[in-house]
Amino acid sequence: MSARQVGDIILAVDDISLAFGGVKALTGISFDVREHEVRAIIGPNGAGKSSLLNCINGVYTPQKGRIRFRNESFAQMSPHRAAVMGIARTFQNLALFKGMSVLDNIMTGRSLRMRSNLLWQAIRIGPAQREELEHREFVEKIIDFLEIQAYRKTPVGRLPYGLQKRVDLGRALAMEPVMLLLDEPMAGMNLEEKQDMCRFILDVNDEFGTTIVLIEHDMGVVMDISDRVVVLDYGRKIGDGTPDDVRNNRDVIDAYLGTTH
Amino acid sequence: MLYRENGQFKTNYRADQQIFPILQDRIGIAIVLLIAFVLVPLTAPEYLLRAILIPFLILSLAALGLNILVGYCGQISLGTGAFMAVGAYAAYNFQARIDGFPLLLSLLCGGLCATLVGVAFGIPSLRIKGLYLAVATLAAQFFVDWAFLRIKWLTNDSTSGSVSVAGLQIFGLRIESPEQKYLFCLAIVAVFALGAKNLVRGAIGREWMAIRDMDVAASVIGIRPMYAKLTAFAVSSFIVGVAGALWGFVYLGTWEPAAFSIDRSFQLLFMVIIGGLGSIMGSFFGAAFIVVLPIVLDNLPYWFGIPVDTALASHLTFMIFGSLIVFFLIVEPHGIARLWSTAKEKLRLWPFPH
Amino acid sequence: MGFFLETLLGGLMTGMLYSLIALGFVLIFKASGVFNFAQGSMVLFAALAMARFAEWLPHWTGLSNKFLVNALALLVALAIMIVVAWLIERLVLGKLVNQEGIALLMATLGVAYFLDGFGQVLFGSDIYKLDVGMPKDPVIVLDKVLPGGVLVSLEDLIAAGVAAALVALLAVFFQKTSTGRALRAVADDHQAAQAIGIRLSRIWVIVWSVAGFVAIVAGIIWGSKLGVQFSLSLVALKALPVVILGGLTSVPGAIVGGLLIGVGEKLSEVYIGPYLGGGIEIWFAYVLALLFLLVRPQGLFGEKIIDRV
């Protein structure tokens, strides 16, 4: 549960429909997210959860519907635009830059804030050097926070999966986002790793007030840390409310147990 | 034992970010620079300078430029020869048409013209990648080949695109003897290598590598693929253009479009692959390899006492090149540079096995 | 008008020859997702083998019947290409399976260089004649309709016929035979194909052999027309724009693309060339491909390329 006071609506998804050729990924999805809250999206596999996240930050463009973020309404979003507006995300399959070290991967998260031009960077004295050091300090704070100091120069490809997930989170955090979209951040982790990840997520929400939207399969985690939950099944919304509301929702129970509709 | 980093702790980020953080490396590079700038010009025979070191330096520079595009940013280009040609001919035009135009400025302007052409032909990279982009860059190669042959204005109205320069000088110093040419190229290459290294370890370098590794994720973080790709093409073409101008002015003296044909493009690509994609040092390794190999192959039979005619030698060179490319791709896709850093890793532990 | 028709026909014929080489590209790409930069070198190698064996066999066996000698040389060349295919699969492709496309592309470039050198070491580097009994004299048609008639090369017509027959043969092969089905399965999904018991390495040897056969046919036709020489493998670079236009995965696309490029080149050289100083043939095909890439990267008949996150 978020320790902060939950604020006004920061994200409103309005009647989103998305189809790939003949496959309908999402149909008429509407819900909202309030500032500072932890909102979970759950549902069986193939329900469209990742597609929904992809629509929110512009990787996919829905055929119908609009997205309202912080008083601006969009029919079309681009990933770059989303980043500029303060939306960061992690990926289910880890989209880390395999050729770079942990430090460099997280540093890429600072790209939006790096201003110096090519010429200064080539000479690397003066503004470019100062900027590089400034951002290095910020990134080191994130590295401390995620407890991955020992690995900062290691190429990410060599790290175990759990640590790679932390780097993915670190890179998103480096963007100093207003809203963080997490796509199955705890997939493939053992109990200890999950506890660490929960701790990190709640700390981020607590300290920086970052709004969290996360897709998660572990019901224990969902019930524990989220303020409100959205349930998807076959691309449609079948539940929306607090964890308790959703836990007792007949449709949700049917969806998970696989009763034919 | 020799290569231990013990005791070399960094107490601030600035120290941690040096190009050569290990003391032994700094000593090593100092020795290399000393040899290159002082020992070689004083003692090297003319043949070594003229036929090996000067082409090595200039081609290293071109390979460096190509490596930025292909190795760091992951955009394939088969049109490098064309950009070298643009650099060479543009520099020639500045030098020949404007009286008293400084040499260095001609070279840089040549590079800038190459940049414009490079960015123009890099625009397709915003929509296509891989093999398709390779074909697009081939369009650049063949179009430029034709342009310098047929468009008289571009070559200052020379016949068949053949031009020449003479009497090079900088700040009153002549650049005529092999030693002078060598030092001139060395200075330029050293400056560009430093600049390139700073770029690739800085913010833009990270953007390039992000685009190379996963461009969708890069845009999600806020990196603009368009900016990153076009700057890669721009910087790369600039360096390649200057290299082309050097090739024409300093090495060849007189040249025509065929000096920058598709064979040159393939040759540079081989240098970058064999030397190591995504490595500044790799560009030098690759260039050294490609420059030295044909000479070794030409002379090897004589050293062994077996006479081999030149045609056969050139066919064998083709075969060996081809097999080496395949060999490197299978065994060490990151090229000689990776072999070098693996050796250094082993050296850190030496004489212990692990 | 007659001149226009001649230029058009000339372009169509050249285009047909490009298509033959492009067919090899498409075959290999369809089945293994590898773009074979070495196709041109394979054409040269095959043609050299054919030309030289046609020369040597009479000396070795005393045969003098031209048809028999050519047929035998063809069989020898085919056998050689199968061995080459097998070697490429074992030594190159098999080892690079899990690397990205750019590595495979570079590897085929390496193979191209190797074959170029090797072919000339084995078979020599002069220009060789390839005589398969093609009629060399041109024929005048339509002389009742147009004044002077239209000059047509019988040799080119036969080449076109052969190419068409080859395409039909390949189409039947892919659609009707079980090996063809297996090839299509492999092209679709390597892992799924393996899961149902298809041996990838065997398939790839078959595909590269078929491509080798196509290379022989292309080599014979080109070689008979131009003489077998090193520049043949450079001509093959032209096949790249052809497959871009037609679509990397489409056999009919290779034909249509080839014809378009061939005609486009000839017509643009004749009618636009003089304004630009001539010689625009060297870049026309590539610039056309470039324009296609900007507008429709999958070509006329290829499958749309989707980038999934």
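This structure is a prediction, so every number in the text was calculated from the model and none was measured.

Participant: Describe the overall build of chain B, naming the residues involved and giving the relevant values.
Facilitator: Counting its regular elements, chain B contains 14 helices and 4 strands. Here chain B has a C-alpha radius of gyration of 21 Å; the compact-globule value for 354 residues is 20 Å, and the two agree. With respect to the principal axes defined by its C-alpha atoms, chain B has extents near 65 × 60 × 45 Å. Burial analysis of chain B (354 residues in total) assigns 50% to the buried set. Looking at chain B alone, contacts between residues at least 24 apart form 75% of all its contacts between residues at least 6 apart.

Participant: Run through the overall build of chain C, naming residues and quoting values.
Facilitator: Looking only at helices and strands, chain C has 13 helices and 2 strands in total. Counting every position in chain C, which comprises 309 residues, the buried fraction comes to 46%. Taking the intrachain contacts of chain C between residues at least 6 apart in sequence as the baseline, contacts between residues at least 24 apart amount to 75%.

Participant: So what about the sheet that holds strand β10 (residues 236-241) of chain A? Which residues, and what values?
Facilitator: Residues and elements named next belong to chain A. Pairing is mixed across the open sheet formed by 6 strands, whose spatial order is β6-β7-β8-β3-β9-β10. Unpaired on one side and paired on the other, β6 (87-89) and β10 mark the two borders of the sheet. Looking at each pair of strands side by side, their axes are set apart by 15° on average, direction ignored. As paired strands, strand β3 (residues 38-42) and strand β8 (residues 211-215) are joined by 4 bridges and run parallel to one another.

Participant: Describe the nonpolar core, with residues and values.
Facilitator: Formed by 284 residues in total, the largest nonpolar core has its most connected members in Leu61(B), Val135(B), Leu246(B), Ile325(B), Ala46(C), Met50(C) and Ala289(C). Residues from two domains meet in this core; each of domain 1 (1-86 + 177-261) and domain 2 (100-176) of chain A gives at least three.

Participant: Run through the pairing of strand β4 (residues 64-69) of chain A, naming residues and quoting values.
Facilitator: Two faces make up the sheet, and in a regular strand the side chains alternate between them. Residues and elements named next belong to chain A. Where strand β1 (residues 9-20) and β4 come together, 5 bridges link them in antiparallel fashion. When the bridges of β4 are listed, Ala12 appears paired with Arg68. Bridge count for β4 against strand β5 (residues 72-74) is 3 bridges, and the pairing is antiparallel. Paired with Ile67 across the two strands is Phe74, which belongs to β5. Counting the residues between successive antiparallel strands, the hairpin from β4 to β5 contains 2 residues, one of them, Arg70, with a positive phi of roughly 50°.

Participant: Residue-level account of the packing of helix α8 (residues 203-213) of chain B against helix α10 (residues 225-252) of chain B, with values.
Facilitator: A packed helix pair is summarised by two numbers, namely the angle formed by the two axes and the spacing between the axes. Residues and elements named next belong to chain B. Taken N-terminus to C-terminus, the directions of α8 and α10 make an angle of 105°; their axes are 9 Å apart at the nearest point. Relative to α10, the element α8 is oriented roughly perpendicular. Where α8 abuts α10, its residues Ile204, Glu207, Trp208 and Ile211 lie against Pro225, Ala228, Lys229, Thr231 and Ala232. Partitioning the contact of α8 with α10 into residue classes produces 6 nonpolar, 1 polar and 2 charged.

Participant: Break down unusual backbone geometry for me, citing the residues and quoting the values.
Facilitator: Residue and element names in this part refer to chain A. The phi dihedral of Asn71 is positive, around 70°, even though this residue is not glycine. Checked against the element boundaries, Asn71 lands in the loop between β4 and β5. Residue classification places Asn71 among the exposed residues on the basis of 9 C-beta atoms within 10 Å. Even without a glycine there, the phi angle at Glu147 is positive, about 60°. Mapped onto the secondary structure, Glu147 falls in the loop between α5 (127-145) and α6 (161-174). According to the C-beta neighbour criterion, Glu147 is exposed, with 12 such atoms within 10 Å.

Participant: Give me the lowdown on the interface of chain B and chain C, citing residues and values where you can.
Facilitator: How big an interface is tends to be stated in terms of accessible area lost as the parts join. With 34 residues of chain B in contact, the opposing surface of chain C contributes 40 residues. Only α6 (130-150) and α13 (310-331) of chain B provide two or more residues apiece to the side of chain B that touches chain C. Of the residues contributing to the side of chain B that touches chain C, the split by class is 27 nonpolar, 4 polar and 3 charged.

Participant: Any chance you could break down helix α2 (residues 23-43) of chain B for me, citing the residues and the numbers?
Facilitator: Because an α-helix packs 3.6 residues into every turn, residues spaced three or four apart end up facing the same way. Residue and element names in this part refer to chain B. Spanning 21 residues, α2 covers 28 Å between terminal C-alpha atoms, matching the ideal 30 Å at 1.5 Å per step. Approximately 35° is the largest bend angle found in α2, and it occurs at Ile35. Counted residue by residue, α2 has 0 buried out of 21 residues, so it is predominantly exposed.

Participant: How would you explain helix α13 (residues 281-295) of chain C if you had to name every residue and give the values?
Facilitator: Taking 1.5 Å of rise per residue, 15 residues should cover 21 Å, and α13(C) covers 22 Å from first to last C-alpha, within 8% of that figure. In the core, the buried residues of α13(C) are packed alongside α6 of chain B together with α10 (239-246) and α11 (251-271) of chain C.

Participant: Give me the packing of α2(B) against helix α7 (residues 178-200) of chain B: which residues, what numbers.
Facilitator: Residues and elements named next belong to chain B. The geometry of α2 relative to α7 is characterised by a closest axis approach of 10 Å and an angle of 170° between their N-to-C directions. By the criterion of interaxial angle, the relationship of α2 to α7 is roughly antiparallel. Contact residues: α2 offers Ala36, Phe37 and Pro41, while α7 offers Glu179, Tyr182, Leu183 and Leu186. In terms of residue class, the contact of α2 with α7 is made up of 6 nonpolar, no polar and 1 charged.

Participant: Outline the sheet that holds β1(A), listing residues and values.
Facilitator: Residues and elements named next belong to chain A. In space, the 4 strands of this open sheet follow the order β2-β1-β4-β5, with antiparallel pairing throughout. One side of each edge strand has no neighbouring strand; the edge strands of this open sheet are β2 (23-34) and β5. Sheet twist, expressed as the average angle between the axes of neighbouring strands with direction ignored, equals 15°.

Participant: How would you summarise the pairing of strand β7 (residues 179-183) of chain A if you had to cite specific residues and measurements?
Facilitator: Residue and element names in this part refer to chain A. In terms of residue burial, β7 counts as a mostly covered element, since 5 of its 5 residues are buried. Residues Met179, Leu181 and Asp183 line one face of β7 and the alternating positions Leu180 and Leu182 line the opposite face, and both faces are buried. Sheet analysis places β6 next to β7, joined by 3 bridges and oriented parallel. Paired with Arg89 across the strands is Leu181, a residue of β7. Judged from the 5 bridges that link them, β7 and β8 form a sheet pairing that is parallel. In the strand pairing of β8, Met179 is matched with Thr211. Taking the sense of rotation as the criterion, the β-α-β connection linking β7, helix α7 (residues 191-208) and β8 turns out right-handed.

The rules behind the values
Residues numbered from 1 in each chain as written. Chains lettered and ligands numbered in written order. Predicted model: local features only at pLDDT ≥ 70, side-chain atom pairs only at ≥ 80, totals over all residues. Helix = DSSP H or I, 4+ residues; strand = E, 2+ residues; numbered from the N terminus. Rg over C-alpha atoms; globule rule 2.2 N^0.38 Å. Buried ≥ 20, exposed ≤ 12 C-beta atoms within 10 Å, placed from the backbone. Contact = placed C-beta atoms within 7 Å. Pairing = 2+ DSSP bridges. Axes fitted to C-alpha atoms, helices over the stretch in contact; angles between N-to-C directions. Core = buried A, V, L, I, M, F, W, Y, C linked by C-beta atoms within 7 Å. Domains from an automatic or database assignment. Parallel < 35°, antiparallel > 145°, perpendicular 65-115°, else oblique. Nonpolar A, V, L, I, M, F, W, Y, C, P; charged D, E, K, R; others polar. Expected span 1.5 Å × (residues − 1). Bend = angle between axes of the 7 residues up to and from the residue. Right-handed = clockwise from strand over helix to strand, strands pointing away.

In short, the description is geometric, and any link to function would need to be established separately.
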